[in-house]
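Topology and contacts: notes
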Amino acid sequence: MSNKRSLKRTINLICEEIFAECVAASLYGNSGDNSEALIYSILKMQSDFICRISHPEPGMPAKKYYKKLKEDFIAQASDIIDQINNI
């Protein structure tokens, strides 16, 4: 398991890239309100996962917790990327 700092940096970097792609897609696509909702969901996802890194669940083994956190992040990021591709 990597340390919390590098995990936060990675999540921030991925969210920044997804955010930039969403803005570019909204500028060159015909999305309208859909892009605003996607931008909001990206920001909410970033905030949620950074908070989850800082405050892990008590009683759950750390390795298992962070593995689940990574899987959840990948699934949610993939979902948002699919929505961006449909713009």
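Below or above, wherever it landed, is the structure these notes cover.

Parameters at a glance
- Residues numbered from 1 in each chain as written.
- Predicted model: local features only at pLDDT ≥ 70, side-chain atom pairs only at ≥ 80, totals over all residues.
- Heavy atoms only, no water.
- Salt bridge = Lys/Arg side-chain N within 4 Å of Asp/Glu carboxyl O.
- Helix = DSSP H or I, 4+ residues; strand = E, 2+ residues; numbered from the N terminus.
- Buried < 20%, exposed > 50% of the residue type's maximum accessible area, 1.4 Å probe, protein only.
- Axes fitted to C-alpha atoms, helices over the stretch in contact; angles between N-to-C directions.
- Parallel < 35°, antiparallel > 145°, perpendicular 65-115°, else oblique.
- Contact = heavy atoms within 4.5 Å.

Here we come to the pattern of salt bridges. For the structure shown, the criterion picks out 2 salt bridges. Salt-bridge contacts for D72 lead to R52; the nearest nitrogen and oxygen are separated by 3.1 Å. Here R52 lies in helix 2 (residues 33-54) and D72 lies in helix 3 (residues 62-85), a separation of 20 residues in the sequence. A relative accessible area of 24% means that D72 is categorised as partly exposed. Residue classification places R52 among the partly exposed residues on the basis of a relative accessible area of 23%. With a closest N to O distance of 3.3 Å, D72 and K68 form a salt bridge. With D72 and K68 both in helix 3 and 4 residues apart, the pair spans about one turn of that helix. Its relative accessible area of 42% is what places K68 among the partly exposed residues. Taken together, the shared-partner salt bridges in this structure form one network comprising R52, K68 and D72.

Further remarks concern the packing of helix 1 (residues 4-28) against helix 3. A pair of packed helices is captured by two measures, namely the crossing angle of their axes and the spacing between those axes. Interaxial distance between helix 1 and helix 3 falls to 10 Å at its minimum, and their mutual angle equals 10°. In terms of orientation, helix 1 lies roughly parallel with respect to helix 3. Here K4, L7, I11, I14, C15, I18, E21, C22 and A25 of helix 1 lie close against helix 3, whose contacting residues are Y66, L69, K70, F73, A77, I80, I81 and I84.

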